[in-house]
Amino acid sequence: GRSCEFCKHFAKCKRCRLDAPLEKFQLQDGICEGVRIHQNKVYLFAAWCLGAACAVLCATYMMYCMGFFAVHPTCTSAWRL
């Protein structure tokens, strides 16, 4: 394949190319396979954590509002259309 650096014969590779910044090469059963590496992995994890924190905050706010209106039924009756 294109990621083989030294070939034993047509279908068997001895050594893969050196790793690139965005791709890591692994030798498995004489075949070099390229695995993509995402360079912004840390930022993707931080964005996921921020999104999860926002979801938890919104859920907490909704639970608080539902509890407030359940305890104070007079507040809800004034706002009915």
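What counts as what
Residues numbered from 1 in each chain as written. Predicted model: local features only at pLDDT ≥ 70, side-chain atom pairs only at ≥ 80, totals over all residues. Heavy atoms only, no water. Helix = DSSP H or I, 4+ residues; strand = E, 2+ residues; numbered from the N terminus. Phe/Tyr/Trp six-rings, centres within 6.5 Å; stacked < 30°, edge-to-face > 60°. Buried < 20%, exposed > 50% of the residue type's maximum accessible area, 1.4 Å probe, protein only. Contact = heavy atoms within 4.5 Å. Pairing = 2+ DSSP bridges.

### Topic: unusual backbone geometry
The backbone of Asp29 sits at a positive phi, close to 55°, despite the residue not being glycine. Locating Asp29 in the fold gives a position in the loop between strand E3 (23-28) and strand E4 (31-36).

### Quick word on the packing of aromatic side chains
One pass over the structure, following the stated rule, counts one aromatic pair. Geometrically, the ring pair formed by Phe45 and Trp48 is stacked, given 6.4 Å between the ring centres and 15° between the ring planes. Taken together, the residues Phe45 and Trp48, both in helix H1 (residues 41-71) and three residues apart, mark about one turn of the helix. Residue Phe45 is classed as exposed on the basis of its relative accessible area of 54%. Residue classification places Trp48 among the exposed residues on the basis of a relative accessible area of 59%.

### Focus on the side chain of Glu23
Tracing the backbone shows Glu23 in strand E3. Setting aside residues no more than four positions away along its own chain, Glu23 makes contact with Arg2, Gly34, Val35, Arg36 and Ile37.

### Examining the pairing of E3
Direction of pairing for E3 relative to E4: antiparallel, over a ladder of six bridges. Bridging across to E4, Leu27 finds its partner in Cys32. Hairpin connection, E3 to E4: the antiparallel pair is bridged by two residues, and Asp29 has positive phi, about 55°.

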